[in-house]
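Per-entry structural report
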Amino acid sequence: MSNGIKCRCERCAVGGLMGPVVLITLGALFLVGKMGWRYDFGDLWPVLLIVIGIVKIVESMASTEGHTGS
Ligand SMILES: [Zn+2]
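Residues numbered from 1 in each chain as written. Predicted model: local features only at pLDDT ≥ 70, side-chain atom pairs only at ≥ 80, totals over all residues.

Overview of the overall build of the protein chain
Secondary structure summary: the protein chain contains three helices and zero strands in total. Each helix (α) and strand (β) of the protein chain, taken in turn from the N terminus, gives the series α-α-α. For 70 residues, the compact-globule estimate of 2.2 N^0.38 gives 11 Å, and the protein chain exceeds it by more than 25% at 16 Å. Among the 70 residues that make up the protein chain, the fraction classed as buried is 0%. Put simply, of all contacts in the protein chain between residues at least 6 apart along the chain, 88% involve residues at least 24 apart. (Helix = DSSP H or I, 4+ residues; strand = E, 2+ residues; numbered from the N terminus. Rg over C-alpha atoms; globule rule 2.2 N^0.38 Å. Buried ≥ 20, exposed ≤ 12 C-beta atoms within 10 Å, placed from the backbone. Contact = placed C-beta atoms within 7 Å.)

Take a look at the structure:
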């Protein structure tokens, strides 16, 4: 984020995927609802936590080689 120069290391790349992955997961949940699978969103929101957790695990295992950020 600093100086507008984006770090290209794996960890920052994975971290940058967090937003899109959360949006895609939300979109998929709504799509499934639209396609007729009736569910209560209150039953499925933990899926988001799981997805975020998975991204966090991948992020923590990703290499920081070439990390240029602070
Ligand atoms: Zn980095």
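Considerations on the confidence of the model for the protein chain
The share of residues in the protein chain with pLDDT of 70 or more is 91%, and the mean pLDDT across the chain is 87. Per-element confidence in the protein chain ranges from a low mean pLDDT of 78 for helix H2 (residues 41–44) to a high of 95 for helix H3 (residues 46–61). (pLDDT = per-residue confidence, 0-100.)

What to know about the environment of Pro20
Assignment of secondary structure puts Pro20 in helix H1 (residues 10–34). Counting along the chain gives 18 residues from Pro20 to Arg38, while the straight-line C-alpha distance between them is 25 Å.

Details of the packing of H1 against H3
Their axes nearest at 9 Å, the elements H1 and H3 cross at an angle of 165 degrees. Between H1 and H3, the crossing angle belongs to the class labelled roughly antiparallel. For the element pair H1 and H3, the recorded crossing hand is right-handed. Along its contact with H1, which presents Arg11, Val14, Gly15, Leu17, Met18, Val21, Val22, Thr25 and Leu29, the element H3 presents Val47, Leu48, Val51, Ile52, Val55, Val58 and Glu59. Its residues assigned to classes, the contact of H1 with H3 comprises 12 nonpolar, two polar and two charged. (Axes fitted to C-alpha atoms, helices over the stretch in contact; angles between N-to-C directions. Parallel < 35°, antiparallel > 145°, perpendicular 65-115°, else oblique. Left-handed = near helix turned anticlockwise from the far one by under 90°. Nonpolar A, V, L, I, M, F, W, Y, C, P; charged D, E, K, R; others polar.)

Some details on the environment of Gly19
Along the polypeptide, Gly19 turns up in helix H1. When the C-alpha positions of Gly19 and Ile52 are compared, they lie 9.3 Å apart, and in sequence the two are 33 residues distant.

Digging into the environment of Asp40
As for its position among the elements, Asp40 is in the loop between H1 and H2. In sequence terms Asp40 and Val22 are 18 residues apart; their C-alpha atoms lie 19 Å from each other.

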